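# Tertiary structure, described
Here are the chains, one letter per residue:
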Amino acid sequence: MITSQLLRPESIVVVGASNNVHKPGGAILRNLISGGFRGALRAVNPKEKEVQGVTAFADVKDVPDTELAILAIPAAMCPEAVEVLANEKKTKAFIVLSAGFGEETHEGALLEQQILDTVNRYGASLIGPNCIGLLNTWHHSVFSQPIPNLDPKGVDLISSSGATAVFILESAVTKGLQFNSVWSVGNGKQIGVEDVLQFMDEHFDAEKDSHIKLLYIENIKDPDRLLFHASSLIRKGCKIAAIKAGSSESGSRAASSHTGAIASSDSAVEALFRKAGIVRCFSREELTTVGCVFTLPELKGKNVAIITHAGGPGVMLTDALSKGGMNVPKLEGEAAEALKAQLFPGASVGNPIDVLATGTPEHLRLCLDFCENKFDNIDAVMAIFGTPGLVTMFDMYDVLHEKMQTCRKPIFPILPSVNTAGAEVAEFLAKGHVNFADEVTLGTALSRIMNVPRPAASEIELLGVDIPRIRRIIDSIPENGYIEPHYVQALLHAAGIPLVDEFVSDNKEEVIAFARRCGFPVVAKVVGPVHKSDVGGVVLNIKGEQHLALEFDRMMQIPDAKAVMVQPMLKGTELFIGAKYEEKFGHVVLCGLGGIFVEVLKDVSSGLAPLSYPEAYSMIRSLRAYKIIKGTRGQKGVNEDKFAEIIVRLSTLLRFATEIKEMDINPLLATEKWVIAVDARIRIEKKAG
């Protein structure tokens, strides 16, 4: 519950206020005063009559009615203080900075629950416990530094961790990134990341509110709610980037010891962010760099011009952009020659445009003019300009400032000399700009942004999927575990997924008769053991009846063997589709090339069922091996449309068969004409009763 008293209180009391600004209760009072809070400010300190010039009361019982209370006292004292303030002082918002709650002990968790019960009973807001507070343009209720430049159009930062929020701010401030609000939700007992996002979505005002949201998340408590409100905000014109920490087993343990967070699998997080349209980041530097890119005009294409007076950074930026799927096209022809004629001898205009270390501000202006008006194949410009300390850069950065105000194409300023040209960079940032000090970090961040899909449609693709039949098959399966091949076949047929002809039997003559009908060569696979290849249960390219009879006899001797499956031997590119049910998230669908690409290179992409066709295409095209799917070096590609269709159909099947906990189709064989399932396994879990 986010109340107006939390966002815009008319009165604030700091319980545990101190004259020592190195304590949380002292630092937060200092920040409230220096932040210019215009309401009534009070302090509670039993030893002082006045704290930092603010009237102090000995006990919360003595305080006048107050809208927002900030608690910086030991955990054990918090429940009683909250009860008194909520019951007697009409307090409707609480920020509990104190640690020592559910993130540490069972006893702490009970105290935390007691506080939650109280604030809920009185209809009040609760931020924390175990947080640094809340910072917005109305009140600076945080005990940390730095306090960034605040602007209603700045960034909204929502963080599970207070310390991480501080470090994100440190990174952002050096880049010139401005903020509208900073939410440190701590343990998130009442208000977590999803709650803040929901509030921002439901109260969004496109004219007044920030359009940029940065998230640091340790625990996704409600994936559906996060997905719904993030997608909704993005459709309304917002841009969202997020770090999800604790996706590895060790990271989960570290997160749990910090906030009591529970890890989600990395593929589930990837799938959720892809479906929502969230840009996923993996470090504070990435997150703040993406945030800075969000503040600039939107990039409409992938062609970039680089203007620099230092060759090396231009080369490294070119590499980073190319690696991320961006283009640095060659500049040639009459326009390029005309530009070169006006630069110093030795300058290069091929892209990167290198004006040399002796290049002047007028040369920079000239290059920017050409990129805007003469080079039609350029969508954005990146300008790398630092100094070895021999000259000042004020004039150079004035040109950048002027052109960024008027240019129709986005200009990305890369000013690496934050020490030797510190004064010049500071003046440039003071004009409201951001700075990307490292060109490779920018190239990586921009690539992430450009490759993120739009939020997915919520409709389920039902065409050609027989839902009633799927339910009848699932209901008829007698027991949990990996199901018999005929059930697998029936489910895939009901979903409209094409299957290779196959025959299963423990009768050798029947198996040979089928092989004779479909034609040799064939493939034989043992039925029973889960990992067929590990026990010698798969034989390819069987060319005759005698060979098949020998392999049948051998396979039936394998432990747990029940029968032998035989299929015609098909040729094609091996693809893979798999799925796993993740608690709270639902089914995560994986796709990639089959064989070594799955087992060794782990080249897979993930999506959250149910999937739309655009999502399926996005998954396929994000694979590192996508060039093989498209066709490369004279080899024909595979039928991408059929591959996408099978991914979508499988996701619909899973949506209506939640009993399926794990499955894979490996391989799918694909040519330029068809894609067909060759082998599949499915594990189900039905609830008892």
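The rules behind these values
Residues numbered from 1 in each chain as written. Predicted model: local features only at pLDDT ≥ 70, side-chain atom pairs only at ≥ 80, totals over all residues. Heavy atoms only, no water. Axes fitted to C-alpha atoms, helices over the stretch in contact; angles between N-to-C directions. Helix = DSSP H or I, 4+ residues; strand = E, 2+ residues; numbered from the N terminus. Parallel < 35°, antiparallel > 145°, perpendicular 65-115°, else oblique. Left-handed = near helix turned anticlockwise from the far one by under 90°. Contact = heavy atoms within 4.5 Å. Nonpolar A, V, L, I, M, F, W, Y, C, P; charged D, E, K, R; others polar. Pairing = 2+ DSSP bridges. Salt bridge = Lys/Arg side-chain N within 4 Å of Asp/Glu carboxyl O. Buried < 20%, exposed > 50% of the residue type's maximum accessible area, 1.4 Å probe, protein only. UniProt positions renumbered as here; feature names shortened; annotations may be inferred. Polar contact = N/O pair within 3.5 Å; in protein donor to acceptor, adjacent residues only side chain to side chain.

## Things to note about the packing of helix α11 (residues 311-323) against helix α16 (residues 439-450)
Put simply, α11 and α16 touch, their axes get as near as 8 Å, and they point 20° apart. Between α11 and α16, the crossing angle belongs to the class labelled roughly parallel. The interaxial crossing formed by α11 with α16 has right-handed handedness. Note on element contacts: α16 touches α11 through Glu439, Val440, Gly443, Leu446 and Ser447, opposite Pro313, Met316, Leu317, Ala320 and Leu321.

## Points about the packing of helix α10 (residues 284-295) against α16
At a minimum axis separation of 9 Å, α10 and α16 run at an interaxial angle of 70°. By the angle class used here, α10 and α16 are roughly perpendicular. Between α10 and α16 lies a crossing of right-handed hand. Packed against α10, whose contacting residues are Glu285, Glu286, Thr289, Val290, Val293 and Phe294, the element α16 presents Thr441, Leu442, Thr444, Ala445, Leu446, Arg448 and Ile449 at the interface. A breakdown of the residues in the contact of α10 with α16 according to their chemical character gives 7 nonpolar, 3 polar and 3 charged.

## Comments concerning unusual backbone geometry
The linkage connecting Asn351 with the following residue, Pro352, adopts the cis geometry, with an omega of 5°. When you line up the elements, Pro352 lands in the loop between α12 (334-341) and β16 (353-354). Looking along the chain, the bond that leaves Phe520 and enters Pro521 is cis, with omega of 0°. Mapped onto the fold, Pro521 is located in the loop between α19 (508-518) and β21 (522-527). Phi is positive for Asn351, close to 95°, though the residue is something other than glycine.

## A closer look at the environment of Arg621
Tracing the chain through its elements places Arg621 in helix α22 (residues 613-621). Along the backbone, Arg621 and Gly36 are 585 residues apart, and their C-alpha atoms lie at a distance of 51 Å. The contact partners of Arg621, leaving out residues within four places of it in the chain, are Tyr626 and Glu640.

## Let's talk about the sheet that holds strand β12 (residues 212-217)
Strands in a sheet are paired, the pairing made by backbone hydrogen bonds, and the direction either parallel or antiparallel. Sheet architecture is open: 7 strands sit in the order β9-β8-β11-β10-β12-β13-β14, paired in mixed fashion. Where the open sheet ends on each side, the last strands, each with one partner, are β9 (140-142) and β14 (279-281). Averaged over neighbouring strand pairs, the angle between their axes works out to 20° when direction is ignored. The sheet contact formed by strand β13 (residues 239-244) and β14 spans 3 bridges and is parallel. Residue pairing across strands places Ile243 opposite Cys281, the latter belonging to β14. Set on the sheet, helix α9 (residues 266-276) makes contact with β12, β13 and β14; between it and β14 the angle comes to about 145°.

## Here we look at the pattern of salt bridges
Following the criterion strictly, the structure yields 31 salt bridges and no others. Note that Arg280 is salt-bridged to Asp266, the shortest N-O span being 2.7 Å. Taken as a pair, Arg280 in strand β14 and Asp266 in helix α9 lie far apart in primary sequence, 14 residues in all. Using a relative accessible area of 39% as the deciding quantity, one classes Asp266 as partly exposed. When the shortest N-O distance is used, the salt bridge between Arg471 and Asp475 registers 3.0 Å. In this pair, Arg471 and Asp475 are both assigned in helix α17 (residues 467-476), 4 residues apart and thus about one turn of the helix distant.

## As for the sheet that holds strand β23 (residues 563-568)
Spatially, β20-β23-β21-β22 is the arrangement adopted by the 4 strands of the open sheet, whose pairing is antiparallel. Of all strands in the sheet, those bounded by a partner on one side alone are β20 (503-505) and β22 (538-542). On average, each strand axis in the sheet is tilted by 20° relative to the strand beside it, whichever way the strands run. Sheet topology note: the β21/β23 ladder contains 6 bridges and is antiparallel. Paired with Ala524 across the bridge in β23 is Val566.

## Observations regarding the UniProt feature "domain: ATP-grasp" (unreviewed entry) in the chain
Cross-referencing UniProt, the feature "domain: ATP-grasp" (unreviewed entry) maps to residues 489-525 in the present numbering. Measuring from the first to the last C-alpha atom of residues 489-525 gives 15 Å, for a span that is 46% helix and 19% strand.

## Some words on the side chain of Ser98
The residue Ser98 is located in the loop between β6 (93-96) and α4 (106-121) in this model. Assessed through its relative accessible area of 7%, Ser98 is described here as buried. A distance of 2.5 Å separates a polar side-chain atom of Ser98 from the backbone oxygen of Ile73.

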